[in-house]
Amino acid sequence: MSDGFTFTLLGTDGVARRGEFHTPHGIVQTPAFMPVGTQGTVKAALHRDLEELGAEIILGNTYHLFLRPGDELIARRGGLHRFIGWTRPMLTDSGGFQIFSLAERRVIREEGAEFQSHLDGSRHTLTPERAVDIQSRLGADVAMVLDECMAYPATREAAAASMERSVRWAKRSRERLDALRASPPAHVPAANPAQAQFGIVQGGVFQDLRNDSADATVAIGFEGYAIGGLSVGEPTEVMYSITEETARRLPVERPRYLMGAGTPEDLVECVARGIDMFDCVMPTRNARNGQLFTSQGRINIKNARYAEDDRPLDPECGCYTCRHHSRAYLRHLYLAAEMTAGALNTLHNLSFYLDTMRRIRDAIAFGTFDNFRQGFLRSASRLSLDS
Ligand SMILES: [Zn+2]
């Protein structure tokens, strides 16, 4: 196990968990939301703003950084933290999810995934071992194993075969990391020797496959465990149910990360089912499309009703955007395609997500999480103001 990574469960309220994990770059309070910094930057947000919003950890995408500027270049620049100038904790995905999204541009074999770059068509192979090496050069505090991400829907047979391959890949990933830790080869300089590695539970929407996957992944032994392959189009209730049953099967003393979820309601509902970590492009992507989350409902800022609306996006929000600008101005910036529209909207949406996580953590600490959850789901904020 990594000496530099420890998780402490500070308390529970029902199934919801309040904890923290320590990394070489600082402490992360859980439940935590990780803004997605695909290319070494959270789109339209400065690191300074993320720090002011209280983001304690961000996510980087291995697929994108491997293709451009390249993991070897980043390693020569001292690793991802130093290269991008972010001093707090980071997590990198394995690159698998993006590769599986390439559809006709990739072939999956037992050895690994062959794919064509979306940038220049160049051919590459990503094996479980190579995903470990690349992430070792990047040096984030948490690295993910390469797993096979299936499309939804899938037959039980396909889901079983894919899940079993993911388990074999997880084992290879751990063996590779153990070998790197024992004697790092010169061509894989570890930018962060204390890097933790998380295994990923797969199995589609079949709970028995999820159980088998969880047991096999835990048997390999990782610093934390993720639930992958959800939020890919299955009904929300199915996602919640698989999350609940799978989380229950994971070790109490390790962090649990639900990959790629979700809406603010998903965060609250999945914390209620025992999840500690989340990432999603929704707050940042929706912000750039003019869709804002507020305590009173979702706002589509291009709507004509905001043309002369002097109110802030969210009267209950203390972010820079809400303290300084009106809906009318934000609508104008959006329609004029000004870059500040994306920046100001992103700042607000991330503030809403991070503030929701803070309120979740406080509620768990005070033993009032169920009240908070009921209020959150009941409130008008679950409805679109524009519908
Ligand atoms: Zn705001």
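Residues numbered from 1 in each chain as written. Predicted model: local features only at pLDDT ≥ 70, side-chain atom pairs only at ≥ 80, totals over all residues. Heavy atoms only, no water.

> How would you summarise the overall build of the protein if you had to cite specific residues and measurements?
Scanning the protein from terminus to terminus reveals 15 helices and 17 strands. Radius of gyration (C-alpha) of the protein: 21 Å, near the 21 Å computed for a compact globule of 387 residues. Seen through its principal axes, the protein has C-alpha atoms that stretch 60 × 45 × 40 Å. About 16,000 Å² of surface is accessible on the protein, with carbon and sulfur atoms providing 50% of the total. Each charge class in the protein can be summarised by its mean position, and for the 44 positive and 48 negative side chains these summaries are 3 Å apart. (Helix = DSSP H or I, 4+ residues; strand = E, 2+ residues; numbered from the N terminus. Rg over C-alpha atoms; globule rule 2.2 N^0.38 Å. Areas by Shrake-Rupley, 256 points an atom, 1.4 Å probe, with all protein chains shown as cover. Lys, Arg positive; Asp, Glu negative; His and termini not counted. Charge placed at Lys NZ, Arg CZ, Asp CG, Glu CD.)

> Account for the sheet that holds strand E3 (residues 26-30), naming residues and giving values.
Spatial ordering of the open sheet is given by E1-E2-E3, a layout of 3 strands whose pairing is antiparallel. Edge positions in the open sheet fall to strand E1 (6-13) and E3, since each of these has one partner strand only. Going across the sheet, the axis of each strand differs from the next one's by a mean of 15 degrees, ignoring polarity. Bridge analysis of E1 against strand E2 (residues 16-23) gives 7 bridges, and the strand direction is antiparallel. Within the sheet, the bridge partner assigned to Asp13 lies in E2 and is Ala16. (Pairing = 2+ DSSP bridges. Axes fitted to C-alpha atoms, helices over the stretch in contact; angles between N-to-C directions.)

> Account for the packing of helix H9 (residues 236-249) against helix H10 (residues 264-271), naming residues and giving values.
Running from amino to carboxyl end, H9 crosses H10 at an angle of 30 degrees, the nearest separation of the two axes being 10 Å. Taken together, H9 and H10 sit at an angle that is classed as roughly parallel. You can see that H9 and H10 cross each other, and the crossing is right-handed. Between H9 and H10, the contacting residues are Thr236, Met239, Tyr240 and Thr243 on the first element and Glu265, Asp266, Glu269 and Cys270 on the second. Considering only residue class, the contact of H9 with H10 consists of 3 nonpolar, 2 polar and 3 charged. (Parallel < 35°, antiparallel > 145°, perpendicular 65-115°, else oblique. Left-handed = near helix turned anticlockwise from the far one by under 90°. Contact = heavy atoms within 4.5 Å. Nonpolar A, V, L, I, M, F, W, Y, C, P; charged D, E, K, R; others polar.)

> Requested: an account of the packing of helix H13 (residues 327-335) against helix H14 (residues 339-366), with residues and values cited.
H14 packs onto H13 with a crossing angle of 130 degrees between their chain directions and a minimal axis gap of 7 Å. As the angle between them shows, H13 and H14 are arranged oblique. Regarding H13 and H14, the two cross each other, and that crossing is left-handed. Together, Leu330, Leu333 and Tyr334 of H13 and Thr340, Ala341, Leu344 and Asn345 of H14 make up the contact between the two elements. Broken down by class, the residue content of the contact of H13 with H14 amounts to 5 nonpolar, 2 polar and no charged.

> How would you sum up the coordination of the zinc ion? Please name residues and give values.
The protein atoms donating to the zinc ion are Cys317 (SG), Cys319 (SG), Cys322 (SG) and His348 (ND1), with metal-donor distances spanning 2.1 to 2.3 Å. Taken together, the 4 donor atoms surrounding the zinc ion define angles of 98 to 119 degrees at the centre, an arrangement classified as tetrahedral. Residue classification places Cys322 among the buried residues on the basis of a relative accessible area of 9%. For His348, a relative accessible area of 0% corresponds to the buried category. (Donors = N, O, S within 2.8 Å, 3.2 Å for Na, K, Ca; no water. Tetrahedral: all angles 85-135°; square planar, octahedral: opposite > 155°, others 65-115°. Buried < 20%, exposed > 50% of the residue type's maximum accessible area, 1.4 Å probe, protein only.)

> Break down the environment of Gln195 for me, with residues and values.
Structurally, Gln195 can be placed in the loop between helix H7 (156-182) and strand E12 (196-201). On the accessibility criterion, Gln195 (4% relative accessible area) is buried. Residues Gln195 and Leu10 lie 185 residues apart in sequence; the distance between their C-alpha atoms is 23 Å.

The quantities given are spatial measurements derived from coordinates; they are silent on function.
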